Amino acid sequence: MDNNTPQKETIIDEVIDKAFQELLDDYLKTKHRKRVEIITKAFNFANQAHKGIKRRSGEPYIMHPIAVAKIVCCEIGLGSTSICAALLHDVVEDTDYTVEDIENLFGPKIAQIVDGLTKISGGIFGDRASEQAENFKKLLLTMSSDIRVILIKIADRLHNMRTLGSMLPNKQYKIAGETLYIYAPLANRLGLYKIKTELENLSFRYEHPEEYEEIEAKLVATADERERVFQEFTSPIRVQLDKMGLKYRILARVKSIYSIWNKMQTKHVPFEEIYDLLAVRIIFDPKDQEEELNDCFDIYVSISKIYKPHPDRLRDWVSHPKANGYQALHVTLMANNGQWIEVQIRSERMNDVAEQGFAAHWKYKEGAGGEDEGELEKWLKTIKEILEDPQPDAMDFLDTIKLNLFASEIFVFTPKGELKTLPQNATALDFAFSLHTDIGSHCIGAKVNHKLVPLSHKLQSGDQVEILTSKSQRVQPQWEIFATTAKARAKIATILRKERKTNQRDGEELLTDFLKKEEIKLEPSVIDKLCKMHNFKNEEELLVAIGNKTIVLDENEKSELKEKQSGNWKKLLSFSFGNNKDKKTEVNAETPVEKEKINTKQILKLTEDNLQKKYIMAECCHPIPGDDVLGYIDENDRVIIHKRQCPIAAKLKSSYGNRIVATEWDTHKALSFLVYIYIKGIDSVGLLNEVTQVISRQMNVNIRKLNIETEDGIFEGKIQLWVHDVEDVKSICTNLRRIENIKTVNRVES
Ligand code: MN
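Cut-offs used in this document
Residues numbered from 1 in each chain as written. Predicted model: local features only at pLDDT ≥ 70, side-chain atom pairs only at ≥ 80, totals over all residues. Heavy atoms only, no water. Helix = DSSP H or I, 4+ residues; strand = E, 2+ residues; numbered from the N terminus. Buried < 20%, exposed > 50% of the residue type's maximum accessible area, 1.4 Å probe, protein only. Contact = heavy atoms within 4.5 Å. 1 Å grid on protein atoms, 1.4 Å probe; cavity = no way out; pocket = protein on both sides within 12 Å on 5 of 7 lines; lining within 4 Å. Points joined across faces, edges and corners; volume = space filled by probe spheres on them. Nonpolar A, V, L, I, M, F, W, Y, C, P; charged D, E, K, R; others polar. Polar contact = N/O pair within 3.5 Å; in protein donor to acceptor, adjacent residues only side chain to side chain. Donors = N, O, S within 2.8 Å, 3.2 Å for Na, K, Ca; no water. Phe/Tyr/Trp six-rings, centres within 6.5 Å; stacked < 30°, edge-to-face > 60°. Core = buried A, V, L, I, M, F, W, Y, C linked by side-chain atoms within 4.5 Å. Pairing = 2+ DSSP bridges.

**Q** Can you explain the environment of Lys308? Please cite residues and give values.
**A** Residue placement: Lys308 occurs in strand β3 (residues 308-309). Classification of Lys308 by relative accessible area gives exposed; the value is 54%. Expressed as a C-alpha distance, the spacing of Lys308 and Asn336, which sit 28 residues apart in the sequence, is 9.5 Å. Those residues in contact with Lys308 that lie beyond four places of it in its chain are Thr332, Leu333, Met334 and Trp340.

Laid out in structure tokens, this is it:
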């Protein structure tokens, strides 16, 4: 129970404001555009959305997004778009706000990133996270249309790891494992070495607390000795670098606890036998940016005069950067005590790239005004290319992680957020069968990301797929065409075969009964006649058709068989509507119009009489009584009625404002006008019948034309109707929407 006093609340607000102010200060120190306003807006929105919610640690929830935004800004080096997305990253998942809300307030880019972040969290991190880890890793890589989603996700995870102490131990263990398995390799792959190392160390600390402490204690115990070695080793180097007149700093790099442990495990050696605990890093500021490569080699040459270099251990990533952008010269030198020490030589720029990945790149671009979209876009593209096509020489940093890109697979979610793997090109129908044969065989349609699609719809990584089923649905023969997985195809074939057998048996029975009743003898000639009559190749096809009621044996068959008539019979279904309606009056644009000067200041009354005789309904937008319309007086003083939202009317309004006249309807359902209604839904037996019934039940409304197309179980069509006014259209649409399986009903312009 929360019983915050007003004072307490003020203190909380102060803490939050201070944290946000720090974020802004850090942001303003970067070279990014100073887009303080939108960042402040994102903060205020998130703060208000998470208000009153606390993290397990007792901290206000908003402190987490602020911290994530800070990592995104300071440790990954991204700009305002990413900072805003980081501030908003938990809003859609944890509050009632939607991605649409975010889009309305912050635009499509930020909304898209937040959407990506929401999609890849939630369900996946449920109880089956570790089972799903491999899939999840692939998913992250394949669906990363915007790599910032992954970068912010990494920042989110880093902050969660930093604050993992307040979680329950069993959760700690799980999250730590996931981090080591998913996030550290990803960070590594994106060139975020510093974050990768921190993630590894934090995970290791929670997974193996005792080993962690042991190694840590040993590092502390040997720190002085290392410091002594470092000073002794670097002092002649400093003398040399000073002589060269370089601006530089030298750092001692101690192997991370996790790497030490890893080496102890893989090489089966005790701590005491790890000799590369200490590395030395020389970071310099080139006098001339163009000389930085040469400077690296000059430094190498001068220090290898002091210490003997290991002949096999020169790594030149200066002239051949790693695929993720890493640049440095690594040499291994023998210290005076006989110990090999690795020295990494890099410029400040190279160092930034190494720590922050490619995000640091554009920072050094001439005249780059911060997170300039173009430059960022380029960088994001490079990262994507790396992810999609790891170069052979990039493999060394992939080391143990063999992440190939599973171009042959896609990853989709169930409505509950469970992740499913399917082969590329899999359809909604494949997905249905992958869930369960029962779901597959009764599915009538699917919703992909909440939109209705046919069963043949090809799925894409990251899609959320919901299957719609109906008990009365049965496997359709054309399903064999749009199922792509072996599993679905085999199931469909089996079901169809079974059904065929049943139908054939039923058909045989029906035929026997029919012939018995009509007192016709069953002989081969009878079968032949029936086959010929219905265009079937053989008896089996005929029996199946009778069995599944495609053919109903009736008078036609009787007379054919009895009277020995020849010729083909065809079942014809035709729809024809009111071709000679007498009451309808089509308003024709070519009707001669009485000339009359119209005063544009008055309101034009639109009556049945003048609509028929004087005014013209525009062909572009087909207005009808009740629509919001305006009149346009053309050069010949004719009045043309347009819908107000008609684009042509808008153009006329802007160019010929003085020829526009306001209008008012005064009609009394005496004239009919043509309207178009678009319908879409799931195809089912009797649907067309229902549609026509709804329309014919409506008084004084007539169908002029009905066009329906069915594809893969989804039907789509247009109805042309004669109506009197908007009222008629509204009630027709309402009634059509009531029909089950009709999902969309709209009036359209044409
Ligand atoms: Mn979060």
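**Q** Outline the layout of surface pockets, supporting the account with residue identities and numerical values.
**A** Here the second largest pocket defines a volume of roughly 800 Å³. As for the second largest pocket, its lining consists of 29 residues, and the residues nearest its centre are Asp683, Ser684, Val685, Gly686 and Leu687. At the level of secondary structure, the elements contributing two or more residues to the lining of the second largest pocket comprise α21 (479-482), β17 (673-682), α28 (687-697) and β18 (702-711). Top element by residues in the lining of the second largest pocket is α28. It accounts for 5 residues. Classifying every residue of the lining of the second largest pocket by side-chain character gives 14 nonpolar, 12 polar and 3 charged.

**Q** Break down the side chain of Thr118 for me, with residues and values.
**A** On the secondary structure map, Thr118 appears in helix α7 (residues 108-119). Judged by its relative accessible area of 17%, Thr118 falls in the buried class. Polar side-chain contacts of Thr118 include one of 2.7 Å to the backbone oxygen of Val114. Those residues in contact with Thr118 that lie beyond four places of it in its chain are His89, Val92 and Glu93.

**Q** Tell me about the coordination of the manganese ion, residues and numbers included.
**A** For a metal bound by four donors in a tetrahedral arrangement, the ideal donor-metal-donor angle is 109.5 degrees, while six donors in an octahedral arrangement ideally sit at 90 or 180 degrees. Taken together, His64 (NE2), His89 (NE2), Asp90 (OD) and Asp156 (OD) make up the full set of protein donors to the manganese ion, lying 2.2 to 2.4 Å away. When the donor residues of the manganese ion are listed from N- to C-terminus, their spacing reads H-x24-H-D-x65-D. Residue Asp90 is found in the loop between α4 (80-87) and α5 (91-94), and its partner Asp156 is found in helix α9 (residues 148-162); the two are separated by 66 residues along the sequence. Taking relative accessible area as the criterion, Asp156 reaches 7% and is therefore assigned buried.

**Q** Any chance you could break down the packing of aromatic side chains for me, citing the residues and the numbers?
**A** In this structure the tally under the stated criterion is 11 aromatic pairs. Ring geometry for Phe20 against Phe43: centres 4.0 Å apart, planes inclined by 5 degrees, an arrangement best described as stacked. Residue Phe20 is found in helix α1 (residues 6-29), and its partner Phe43 is found in helix α2 (residues 36-49); the two are separated by 23 residues along the sequence. According to the relative accessible area criterion, Phe20 is buried, its value standing at 5%. Relative to Trp261, the ring of Phe204 has its centre 4.7 Å away and its plane inclined at 35 degrees; by these criteria the two rings are tilted. Here Phe204, found in helix α11 (residues 193-207), pairs with Trp261, found in helix α14 (residues 257-267); they are 57 residues apart in sequence, far enough to count as distant. Summarising the burial analysis for this pair, Phe204 and Trp261 share the class buried.

**Q** Outline the nonpolar core, supporting the account with residue identities and numerical values.
**A** Across soluble globular proteins, you tend to see nonpolar side chains buried next to one another. Leu87, Leu88, Ile102 and Ile154 are the most contacted members of the largest nonpolar core, which totals 62 residues. Looking at which element gives the most residues to this core, the answer is α9, with 8 residues. Counting 35 residues, the second-largest nonpolar core is a separate cluster that includes Leu604, Val629, Leu671 and Leu706.

**Q** Run through the pairing of strand β12 (residues 603-607), naming residues and quoting values.
**A** On β12, burial follows the alternation: Leu604 and Leu606 on one face are buried, whereas Ile603, Lys605 and Thr607 on the facing-out side are not. Bridge count between β12 and strand β16 (residues 660-666): 5 bridges; the pairing is parallel. The partner of Ile603 across the bridge, within β16, is Ala662.

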